[in-house]
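Topology and contacts: notes
For reference, the chains in residue letters:
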Amino acid sequence: MSAPVYNFAYLDEQTKRMIRRAILKAIAIPGYQVPFASREMPMPYGWGTGGVQITASILGPDDKLKVIDQGSDDTTNAVSIRKFFVKTAGVETTTKTNEATVIQTRHRIPEQALTEDQVLVYQVPIPEPLRFLEPRETETRRMHALSEYGLMHVKLYEDIARHGHIATTYAYPVEVGGRYVMDPSPIPKFDNPKLSDSPALQLFGAGREKRIYAIPPYTHVKSLDFEDHPFEPYRHDAQCELCGAMNSYLDEVITDDAGSRMFVCSDTDFCEDRRAAGHHGPQGGPAAAATKEESAHG
Amino acid sequence: MYVAVKGGERAIDNAHKLLADARRGDRDVPEVSLDQIDNQLALAVDRVMSEGSLYDRELASLAIKQARGDLIEAIFLLRAYRTTLPRFGASEPLDTGAMDIRRRVSATFKDLPGGQVLGPTFDYTHRLLDHTLAEQSDVEEPATAPAEAGRFKSVAELLAGGGLIEDDDPPAGDVGDLTREPLSFPAKRDLRLQNLARGDEGFLLALGYSTQRGFGRTHPFAGEIRYGEVEVEFFAEDAGFAVPLGSIAVTECQMVNQFTGSANRAPCFTRGYGLVFGQSERKAMAMALVDRALRARELGEETGAPAQDEEFVLSHSDNVQATGFVEHLKLPHYVDFQSELGLLRKLQAEFHARDAHTETPIQDAAE
């Protein structure tokens, strides 16, 4: 039994070509889900295999890779995926949003605006925005083909009738380039405005469901809503305890058994940059950035 | 400061070290060898090869050892390795009629050419724990008989000769491969069978069982189950003929199911087919039941039972996909949860602010 030798970025070149073709098709038809022959990756389905396959297919030796999960570079799965590419592609990695050429993400869009030189790769669990309204792929493909999106509007309307609000808080459906309704992956709807007219190319990969889709740069993306119930991004009304940011998405952290809690930036690079620039919140003195806990939170 | 922002990398490394330690267990107990797994846990190896879609006993044994005996994890390891291998093409169809039979039973005929061969089977053992196995055991040499030369037609072939069962001509053209092309619906039978052959034994067992209990009944008879070695041949373009690659052990099940017919076709039995690597009659039989159930529409039968629903069955049969997605719930979801918390708090605040007398409670607008 000889130890296997893997190609640059793990996938063989034929597989990369196949995936790149799917990516090109996805870019040509913004928001359309392109089926592709997703491979079995050495990490589990549902743990980012779609994003990993896209990243592996577009990565070159000169790229600088950033991997985030929940906005953070140091969550366990982000660490695992970053290590995978360090091992198989030997590319440089970074935690700095502005230094990265390829950013693979799960559940967040970085706070800092992206540029034309960057590609944002999303990990997608369920690519079909209509899936929970219609479980059959044969049906949903037909609905997309006919732009038959009434069911989605009825769902949003029912939310309003029942709760007074649209009750979708993440994976909030969008319409891309005036045509396809698309699942933006489970990002909080706070991030939805960043999808639209972004200078960066946005690629979405669903490995288990074998779909790739894309939002090309400068494409208009509209979050579905009604004239009398316009789309509202949600943000907890607080400031980051560490950097004092009033405009970033916040994680809630429970700090004791009595239910005390604090709010901190979900985007750790954004937060660190702000602190390095001298901003600070109630608990985050300028020195705090240097004394990060070595705590196992996996 | 409470926010654990760093440490993930070291935590992962340490967790993996701990895993390696737990895998080895007590150092005073001899380490299990791949040969031991291959020989003494042979049916686990068979299952891992089948659902891992890779016929390699040594690698499957390694996967079982590495996975600490977790077979789905072992299947996953084998699949992830398999996907890196080049694909040269498809073999010639196996001639299971020419199998070196180790076991062969038919439930439809008392005797038939080639006879009933029980072979190594748990059937008819009394399931009493055998305490002599707790220690080193002395095992007698088994009784053997000379292999009968010749090709033994399967029951389905015998029935086909009399026109009693539907034809089973192989489809024209290349067979599909769902590991190279994404599955789309409706799927042809070649892809359905490939999906079932890779599918989770437990899932197929439950679905097959459900057809027996009336959710898509097919009136099956186990026409024949055979297990043994068959030769694999590959058509070599350069040589211009099929060359043997070696033999593999497989279990084949041919179910004979209730007949269909129409105004212009005489009624005849229909088929359900199962084929798996190694010895696994449970899986081969369940596969054959589900294969037949999935043919309901093609045969003009009533549909609607879970086992007849192609999209439901084929989309959920893969245990590597299923375990990945179920277990991904372990990954952090705090960003989305935070969004939900925010909405829930808002809805609760609105609820409590309402005048209890004038306001109706939450109604289901969908009804």
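A tally of regular secondary structure across chain A gives seven helices and 12 strands. Relative to a compact globule of 298 residues, whose C-alpha radius of gyration would be 19 Å, chain A shows 20 Å and is just as compact. Taken over the C-alpha atoms alone, chain A extends approximately 65 × 55 × 35 Å along its principal axes. Taken over 298 residues, chain A has a buried fraction of 58%. Long-range pairs, those at least 24 residues apart, make up 60% of the contacts in chain A with a sequence separation of at least 6. Carbon together with sulfur atoms contributes 53% to the accessible area of chain A, which is approximately 12,000 Å² in total. Taking the average place of the 32 positive charges on the side chains of chain A and the average place of its 41 negative ones, the gap between the two points comes to 6 Å.

Residues and elements named next belong to chain A. Within this structure, the stated rule accounts for one cavity of 30 Å³ or more. In this structure, the largest cavity encloses a volume near 130 Å³. If you trace the largest cavity, you find 15 residues lining it, with G46, W47, G48, V124 and P125 closest to the centre. If one sorts the elements of the lining of the largest cavity by residue count, helix 2 (residues 49-58) sits on top with three residues. Its residues assigned to classes, the lining of the largest cavity comprises three nonpolar, 10 polar and two charged.

What follows is about the pattern of salt bridges. The full count for this structure, using the stated rule, is 53 salt bridges over all chains. In this structure, D191(A) engages R108(A) in a salt bridge whose closest nitrogen and oxygen atoms are separated by 2.7 Å. Of this pair, D191(A) sits in the loop between strand 7 (180-182) and helix 6 (192-195) while R108(A) sits in the loop between strand 4 (102-106) and strand 5 (119-123), and the two are 83 residues apart along the sequence. Bridged by salt links that share partners, the residues E166(B), R192(B), R295(B), E298(B) and E310(B) form one connected network.

Attention now goes to helix 3 (residues 76-89) of chain A. If you check helix 3 of chain A, its first and last C-alpha atoms are 20 Å apart, about what 14 residues at 1.5 Å a residue would give, namely 20 Å. A positive phi of about 60° marks G90(A), the residue just after helix 3 of chain A.

What follows concerns the pairing of strand 2 (residues 221-236) of chain B. Looking along a regular strand, one sees the side chains alternate between the two faces of the sheet. Residues and elements named next belong to chain B. Pairing of strand 1 (residues 100-105) with strand 2 involves five bridges; the strand directions are antiparallel. Across the sheet, the residue bridging to D100 is E229, located in strand 2. As defined by bridge partners, strand 2 adjoins strand 3 (residues 241-262) across 15 bridges and the pair is classed as antiparallel. By the bridge assignment, R226 is partnered in strand 3 with E252. In this structure, the hairpin formed by strand 2 and strand 3 is closed by a connection of four residues, where G240 is found at a positive phi of approximately 85°.

Attention shifts here to the packing of aromatic side chains. Residue and element names in this part refer to chain A. By the definition in use, this model includes eight aromatic pairs over all chains. Residues F84 and F85 carry aromatic rings whose centres are separated by 5.2 Å and whose planes lie at 75° to one another, so their mutual orientation is edge-to-face. The class for F84 is buried, based on a relative accessible area of 11%. An angle of 65° between the planes, with centres 4.9 Å apart, marks the rings of Y172 and F231 as edge-to-face. Linking Y172 in the loop between helix 5 (150-163) and strand 6 (174-176) with F231 in the loop between strand 10 (221-223) and strand 11 (250-254), this pair joins segments that are 59 residues apart in sequence.

On the side of chain B, 59 residues touch chain A, which itself brings 74 residues to the contact. Buried area between chain A and chain B, summed over both chains or domains, comes out near 6,000 Å², and the portion from carbon and sulfur atoms is 58%. For the pair chain A and chain B, the number of links is six salt bridges. The partner of D309(B) in a salt bridge is R136(A), and the shortest N-O contact between them spans 2.5 Å. Among the elements that make up the side of chain A that touches chain B, the one with the highest residue count is helix 3 of chain A (six residues). In terms of residue class, the side of chain A that touches chain B is built from 34 nonpolar, 18 polar and 22 charged.

Turning our attention to helix 3 (residues 42-52) of chain B. All names here are of chain B. The buried fraction of helix 3 amounts to nine of the 11 residues, a majority that puts the element mostly inside the structure. Residues of helix 3 that are buried include every one of A44, V45, D46, R47, V48, M49, S50, E51 and G52, and no others. Just downstream of helix 3, S53 is the residue with a positive phi angle, here 60°.

Turning next to the pairing of strand 12 (residues 261-265) of chain A. Residue and element names in this part refer to chain A. Here strand 12 lies mainly inside the structure; four of its five residues are buried. Looking at chain direction, strand 11 and strand 12 are connected through five bridges and run antiparallel. From the neighbouring strand, E252 faces strand 12, where its bridge partner is F263. Linkage of strand 11 to strand 12, two consecutive antiparallel strands, is achieved through a turn of six residues, within which G259 is found at a positive phi near 85°.

Moving on to the nonpolar core. Core analysis: the biggest nonpolar cluster contains 45 residues, and F85(A) and I212(A) have the highest contact counts within it. The contact partners of I212(A), leaving out residues within four places of it in the chain, are I19(A), A22(A), I23(A), A26(A), Y32(A), Q33(A), V34(A), F36(A), I54(A) and F204(A). Counting 25 residues, the second largest nonpolar core, distinct from the first, contains L178(B), C253(B), M255(B) and L314(B).

How each quantity is defined
- Residues numbered from 1 in each chain as written.
- Chains lettered and ligands numbered in written order.
- Predicted model: local features only at pLDDT ≥ 70, side-chain atom pairs only at ≥ 80, totals over all residues.
- Heavy atoms only, no water.
- Helix = DSSP H or I, 4+ residues; strand = E, 2+ residues; numbered from the N terminus.
- Rg over C-alpha atoms; globule rule 2.2 N^0.38 Å.
- Buried < 20%, exposed > 50% of the residue type's maximum accessible area, 1.4 Å probe, protein only.
- Contact = heavy atoms within 4.5 Å.
- Areas by Shrake-Rupley, 256 points an atom, 1.4 Å probe, with all protein chains shown as cover.
- Lys, Arg positive; Asp, Glu negative; His and termini not counted.
- Charge placed at Lys NZ, Arg CZ, Asp CG, Glu CD.
- 1 Å grid on protein atoms, 1.4 Å probe; cavity = no way out; pocket = protein on both sides within 12 Å on 5 of 7 lines; lining within 4 Å.
- Points joined across faces, edges and corners; volume = space filled by probe spheres on them.
- Nonpolar A, V, L, I, M, F, W, Y, C, P; charged D, E, K, R; others polar.
- Salt bridge = Lys/Arg side-chain N within 4 Å of Asp/Glu carboxyl O.
- Expected span 1.5 Å × (residues − 1).
- Pairing = 2+ DSSP bridges.
- Phe/Tyr/Trp six-rings, centres within 6.5 Å; stacked < 30°, edge-to-face > 60°.
- Buried area = accessible area lost by both parts, 1.4 Å probe.
- Core = buried A, V, L, I, M, F, W, Y, C linked by side-chain atoms within 4.5 Å.

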